[in-house]
Amino acid sequence: MDIIGFIKQQFEDNGHVAYGEHISMGEHMLQTAYYAEQKNSSDAIITAALLHDFGHLILELPEDITEHGIDGYHEDVGAKFLAPYFPKQIIDGIGLHVQAKRYMCAVKPKYHSQLSQASQDTLAVQGGPMNAQEIAAFEQQAFYKDALQVRLFDDLGKHVELAHPDLAHYLRIAAQFVV
Ligand SMILES: [Fe+2]
Ligand SMILES: [Fe+2]
């Protein structure tokens, strides 16, 4: 399968799905990649940032589904789908981005209050802040620091209006990694 073509199609077909913070899912993902690039992240981090909510695109479930007490496990859906096509560093950046929020809430008490309302609301459904055991297990993951980076950009990519490069620009960055 032409995975880059498929990702492009998903952005075009399902990118309009509501993210729940007055912007679309596709726009949120592009803004997350934009912030990764702005902060001089590696191309692998930019790619993980672009694709971190890919599970939402293919599930076509809005982020606010969690308001109804359901977690779509969009991070697992996205990571599993993309695993055959990208290296583990990128897949873990995607698959661990929700865990990264739970980790940050546990280790940085101020972090929780800086989250958007929707992110605070979804935290409980996602398991709340990590306990000590979960923190230790998370830090055993080879790419947990990558996931923490993606998370920080995820938290920034929520602007109603923000000028940034188009999808084609970020797909060119992602295409370098296709295995
Ligand atoms: Fe997410
Ligand atoms: Fe996100």
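Residues numbered from 1 in each chain as written. Chains lettered and ligands numbered in written order. Predicted model: local features only at pLDDT ≥ 70, side-chain atom pairs only at ≥ 80, totals over all residues. Heavy atoms only, no water.

This next bit is on the coordination of the iron ion (ligand 1). Tetrahedral metal sites with four donors have an ideal angle of 109.5 degrees; octahedral sites with six donors have ideal angles of 90 or 180 degrees. Asp53 (OD), His74 (NE2) and His97 (NE2) make up the full set of protein donors to the iron ion (ligand 1), lying at 2.1 to 2.2 Å. Between consecutive donor residues of the iron ion (ligand 1), the sequence gaps follow D-x20-H-x22-H. (Donors = N, O, S within 2.8 Å, 3.2 Å for Na, K, Ca; no water.)

Listed as buried for helix H9 (residues 117–125) are Ala118, Ser119, Thr122 and Leu123. End-on, the buried residues of H9 take up no more than an arc of 145 degrees, which puts them together on one face. Opposite the packed face of H9, turned more than 90 degrees from it, sit the exposed residues Gln117 and Ala124. Following H9 by one or two positions, glycine 127 has its phi on the positive side, about 115 degrees. (Buried < 20%, exposed > 50% of the residue type's maximum accessible area, 1.4 Å probe, protein only. Helix = DSSP H or I, 4+ residues; strand = E, 2+ residues; numbered from the N terminus. Arc of directions from axis to C-beta.)

Let's shift gears to the coordination of the iron ion (ligand 2). On the protein side, the iron ion (ligand 2) has His28 (NE2), His52 (NE2), Asp53 (OD) and Asp154 (OD) as donor atoms, found 2.2 to 2.3 Å from it. Mapped onto the sequence, the donors of the iron ion (ligand 2) take the spacing H-x23-H-D-x100-D.

Looking now at the packing of helix H3 (residues 43–51) against helix H11 (residues 144–156). The contact between H3 and H11 brings their axes to 9 Å, and the two run at 55 degrees. Put simply, H3 runs oblique to H11. Every pair of crossing elements has a handedness; the one defined by H3 and H11 is right-handed. Touching Ile45, Ala48 and Ala49 of H3 are Asp146, Gln149, Val150 and Phe153, all from H11. (Axes fitted to C-alpha atoms, helices over the stretch in contact; angles between N-to-C directions. Parallel < 35°, antiparallel > 145°, perpendicular 65-115°, else oblique. Left-handed = near helix turned anticlockwise from the far one by under 90°. Contact = heavy atoms within 4.5 Å.)

Turning our attention to unusual backbone geometry. Of note in the backbone geometry, asparagine 40 takes a positive phi value of approximately 60 degrees without being a glycine. Here asparagine 40 lies in the loop between helix H2 (25–38) and H3. Exposure remark for asparagine 40: the relative accessible area of 71% places this residue in the exposed category.

Interpretation in functional terms is not warranted from these geometric data alone.
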